[in-house]
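One-letter residues, chain by chain:
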Amino acid sequence: MFRGITFIPADTKIDFVGQRAVTWFVSAFLTVVPLILVATIGLNMGIDFQGGTLIEVKTKESPANLADIRGKVSGLGLGEVQIQEFGEPDEVLIRIASQPTEEEQQESIARVKNALGDSVEYRRTEIVGPTISGELIAGGTLAVVVAMIGIMIYVWFRFEWQFSVAAVASLVHDVTATIGLYALLQLEFNVSSIAAILTIIGYSLNDKVVIFDRIRENLRKYKRMPLKNLLDLSINEMLSRAILTHVTTLLAMMPFLFFGGEAIYGFALAMCFGIIVGAYSSIFVASPMQLIL
C-alpha cells in the first residue's frame, strides 16, 4: 500500500522552545522595527485611504515617457502628483492629491485630460474624497481590532486564557511584521491590504489552534512531564502537518505573485510573507509564550 512521501520523520525531536533566547530577539525585531519604519518612512497610502484622483492611462509609445507626462501634469497646479508605471511599460498611473471640493476634483480630471490630449488612452478614473478615505481608514482599523477581540474571546472559551493571550500576541506579531513589509518596500497600502491582513490573521490562527489543541491533549496525557518538554513534543508532533499546509498554501499563492500583475502584487506578496511569518510565530511565539504565562 502506498503511504506517500514522509518529509518529516515521526520521531523528530527538535528543541524549539530551547531556542527561545534567540527567537525572542527575532520576534522583538519583527515587532518593533516595523513600528519604527511606519513612524519614520510611513505607509504608501493608496487612493482608498489618501483621497484624491487616480487615472490609469496607456501610452501610444512603449515604454512610456514618464518625464514628459510628469512635466505636463505637474505644471497644472493640482498639488501633489505621482506618476508611476503600472504593469506594462506603456501603462501609467497618475495620482493627484485630493482637491477641496468635488467640483475642483472633476475639474482637475478635465485639466489632466486636456494636458495629455490624445497621446494616451484612458483606462479608468477613480475619485475618493477625504471623508470617504477617512471612513475607510477607520473601518479597516476597526475590522482588524474586532477580529483580534473576537479571536481572543473564542480561544479563551475554546481553551484557556493563557492560550488566548498567546494567540493574540503572536497575531499582533504577524500583523506588525506584515505592515512593516508594506512600509519597507513602499507597497501601496489600500483596502486590499486590509483584506490581506485579515486573511493572514485567519490563516495564522488556524495553525495556532491546531498546535494548541495538541498541547491541551498532551497536558491531559502527560501530567507529570515538564511544560517545556511537553510544548516541544506537541510542536514536533504537528510539525509535518504544519509544514505541508504552509508549503501547499504558499505554492498556491506563487502564481498570483509572479503572474498576477501589478494590481494584486502587493496583496500576493503580503500573503506569501504572512504565511511564512505565521508559521514562525506559531512555533516560536505562541507556544513558548505559555512558559511565561
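The sections below set out a description of the structure shown in this document.

Rules behind the numbers
- The residue numbers shown here count from 1 along each chain, following its written sequence.
- Confidence filtering applies because this is a predicted model: local features only for residues at pLDDT of at least 70, side-chain atom pairs given and counted only at 80 or more, and all residues used for totals across whole chains, interfaces and linings.
- Note that the side-chain values use all heavy atoms of the structure and ignore hydrogens as well as water.
- Under this scheme, a helix contributes an axis fitted over its contacting stretch, all axes are lines through C-alpha atoms, and angles between N-to-C directions fall in the 0 to 180 degree range.
- Numbering goes from the N terminus for both helices and strands, where a helix is a DSSP run of H or I of at least four residues and a strand is a run of E of at least two.
- Each angle receives one of four descriptions, namely roughly parallel if under 35 degrees, roughly antiparallel if over 145, roughly perpendicular if within 65 to 115, and oblique otherwise.
- Every residue pair with non-hydrogen atoms within 4.5 Å of one another is taken to be in contact.
- Throughout, the ten residues Ala, Val, Leu, Ile, Met, Phe, Trp, Tyr, Cys and Pro are labelled nonpolar, Asp, Glu, Lys and Arg are labelled charged, and all others, Gly among them, are labelled polar.
- Whether a residue is buried, partly exposed or exposed follows from its accessible area with a 1.4 Å probe, protein chains only, as a fraction of its type maximum: under 20%, in between, or over 50%, in that order.
- Throughout this description, a polar contact denotes any pair of N or O atoms lying within 3.5 Å of each other; where both atoms belong to protein, one of them has to be capable of donating a hydrogen while the other can accept it, and for residues adjacent in sequence the pair is counted only when both atoms sit in side chains.
- A pair of strands counts as paired when DSSP detects no fewer than two bridges linking them.
- For this analysis, a ring pair means two rings from Phe, Tyr or Trp (six-membered ring only for Trp) whose centres lie within 6.5 Å, classed as stacked if their planes differ by under 30 degrees, edge-to-face if by over 60, and tilted for the remaining angles.
- Both a distance and an angle decide whether a charge sits over a ring: NZ of Lys or CZ of Arg must be within 6 Å of the ring centre and within 35 degrees of the ring normal.
- To qualify as a nonpolar core, a set must consist of buried Ala, Val, Leu, Ile, Met, Phe, Trp, Tyr and Cys residues joined through side-chain atoms within 4.5 Å.

What about the packing of helix H8 (residues 227-259) against helix H9 (residues 265-286)?
Across the interface, H8 lies against H9 with an axial gap of 9 Å and an inter-helix angle of 175°. By the criterion of interaxial angle, the relationship of H8 to H9 is roughly antiparallel. Contact residues: H8 offers Ile 235, Leu 239, His 246, Thr 249, Leu 250, Met 253, Phe 256 and Leu 257, while H9 offers Tyr 265, Phe 267, Ala 268, Leu 269, Met 271, Cys 272, Ile 275, Ile 276, Ala 279 and Ile 283. Of the residues assigned to the contact of H8 with H9, the class counts are 16 nonpolar, two polar and no charged.

Structural notes on the side chain of Asn 236
Secondary-structure assignment places Asn 236 in helix H8. Given a relative accessible area of 8%, Asn 236 falls into the buried group. Within polar-contact distance, the side chain of Asn 236 engages the backbone oxygen of Asp 232 at 2.7 Å.

Section: the sheet that holds strand S5 (residues 120-128)
The antiparallel open sheet is built from four strands, whose spatial order is S3-S4-S2-S5. Strands at the two margins of the open sheet, each flanked by one partner only, are strand S3 (81-86) and S5. Across the sheet, the mean angle from the axis of one strand to that of its neighbour is 20°, orientation sign disregarded. In the sheet, strand S2 (residues 52-59) pairs with strand S4 (residues 88-97) via seven bridges, with the strands oriented antiparallel. Bridged to Gly 52 within S4 is Ala 97.

A short note on the packing of aromatic side chains
Here a ring pair, both rings aromatic, is described through the centre-centre distance and the interplanar angle of the planes. Scanning the model with the defined rule gives three aromatic pairs in all. Plain terms: the ring middles of Tyr 182 and Phe 189 are 5.2 Å apart, the flat faces sit at 90° to each other, and that makes the pair edge-to-face. The class for Tyr 182 is buried, based on a relative accessible area of 0%. Looking at Phe 189, the relative accessible area reads 7%, which means it is buried. The side chain of Lys 113 reaches across the aromatic face of Tyr 122, ending 5.3 Å from its centre.

Focus on the nonpolar core
One finds Val 155, Ile 201, Phe 212 and Ile 215 to be the most contacted residues of the largest nonpolar core, which totals 50 residues. Beyond its immediate chain neighbours, meaning those up to four positions away, Phe 212 contacts Val 155, Phe 159, Phe 163, Ala 166, Ala 167, Ala 286, Ser 287 and Gln 290. With 17 residues, the next largest nonpolar core counts Val 57, Ile 109, Val 112 and Leu 116 among its residues.

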